Amino acid sequence: MTEPQTPLKPLHPTLYQLAEDGHSLDFFFVQCRACSGLSFPANVPGCAHCGDPLVDAQKLSRPGGGELLEYVTLHVPLAPGMAAPSIAGDVRIADGIVEEGVISASDETVLRPGMIVRAVAEVREAQGVYACRFMPADPKVTP
Ligand SMILES: [Zn+2]
């Protein structure tokens, strides 16, 4: 048996990339020069905090993840390839920036509002891509 050598591509290349550990995801942000706030993703047309047009603003990548605010179990797939049931949640990935994502957990009982989750790659070998999933950062919590 040999390992598949095809390099996987991000499902949403403007949003994230595989981190150096080969499992976590780094998110692409842009930092406003006017208010120094972070906006996501890096190609937004204006600062999410003050509306600055972000001309010449610095783009940066940070480990994806943040505080899990709320979540709900979905019993029907919202998109092709999405498993059901699955858990969708709102994650505060930076100050004032909340993104919706799929939470990788067996069920809601291992989750609680306010817990820290981190973004990891969900490999879809058949499509040659990886997608973004959030999983509890605490290793004591079994996903
Ligand atoms: Zn700003």
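Residues numbered from 1 in each chain as written. Predicted model: local features only at pLDDT ≥ 70, side-chain atom pairs only at ≥ 80, totals over all residues. Heavy atoms only, no water.

Let us look at the packing of aromatic side chains. How two aromatic rings sit relative to each other is given by the distance of their centres and the angle of their planes. Scanning the model with the defined rule gives five aromatic pairs in all. An angle of 50° between the planes, with centres 5.4 Å apart, marks the rings of Phe29 and Phe40 as tilted. Here Phe29 is found in strand E3 (residues 25-31), whereas its partner Phe40 is found in the loop between strand E4 (38-39) and strand E5 (58-63), with eleven residues between them in sequence. For the pair Phe29 and Phe40, one class covers both residues: buried. Ring pairs connect the aromatic residues Tyr16, Phe27, Phe29, Phe40, Tyr130 and Phe134, which therefore count as one cluster. (Phe/Tyr/Trp six-rings, centres within 6.5 Å; stacked < 30°, edge-to-face > 60°. Helix = DSSP H or I, 4+ residues; strand = E, 2+ residues; numbered from the N terminus. Buried < 20%, exposed > 50% of the residue type's maximum accessible area, 1.4 Å probe, protein only.)

For a regular strand, side chains alternate in direction, first toward one face of the sheet and then toward the other. Of the pairings in the sheet, the one linking strand E7 (residues 86-94) to strand E8 (residues 97-103) comprises seven bridges and is antiparallel in character. The residue bridging Ile87 from the neighbouring strand is Ile103, located in E8. Adjacent in sequence and paired antiparallel, E7 and E8 are bridged by two residues, among which Gly96 carries a positive phi angle near 75°. (Pairing = 2+ DSSP bridges.)

Coordination of the zinc ion by the protein involves Cys32 (SG), Cys35 (SG), Cys47 (SG) and Cys50 (SG), with metal-donor separations of 2.3 to 2.4 Å. Classification of the site at the zinc ion rests on its four donor atoms, whose angles at the metal span 106 to 116°, yielding the label tetrahedral. Using a relative accessible area of 30% as the deciding quantity, one classes Cys35 as partly exposed. What makes Cys50 partly exposed here is its relative accessible area of 43%. (Donors = N, O, S within 2.8 Å, 3.2 Å for Na, K, Ca; no water. Tetrahedral: all angles 85-135°; square planar, octahedral: opposite > 155°, others 65-115°.)

What follows concerns the pattern of salt bridges. According to the stated counting rule, one finds three salt bridges in the structure shown. Salt-bridge contacts for Glu67 lead to Arg92; the nearest nitrogen and oxygen are separated by 3.2 Å. Of this pair, Glu67 sits in strand E6 (residues 65-74) while Arg92 sits in strand E7, placing them 25 residues apart in sequence. One salt bridge connects Arg133 with Glu122, and the closest N-O pair in it is separated by 3.2 Å. With Arg133 in strand E10 (residues 129-136) and Glu122 in strand E9 (residues 116-124), the pair connects residues that are eleven residues apart, well separated along the chain. Here the salt bridges share partners, and the residues they tie into one network are Glu122, Arg124 and Arg133. (Salt bridge = Lys/Arg side-chain N within 4 Å of Asp/Glu carboxyl O.)

Here the focus is the pairing of E9. Relative to E9, E6 is paired through three bridges, and the arrangement is antiparallel. The partner of Glu67 across the bridge, within E9, is Ile116. Of the strand pairs in this sheet, E9 and E10 are connected by eight bridges, and their pairing is antiparallel. Looking at E10, one finds that Ala121 is bridged to Cys132. Hairpin connection of E9 to E10: four residues between the antiparallel strands, including Gly128 at a positive phi of 70°.

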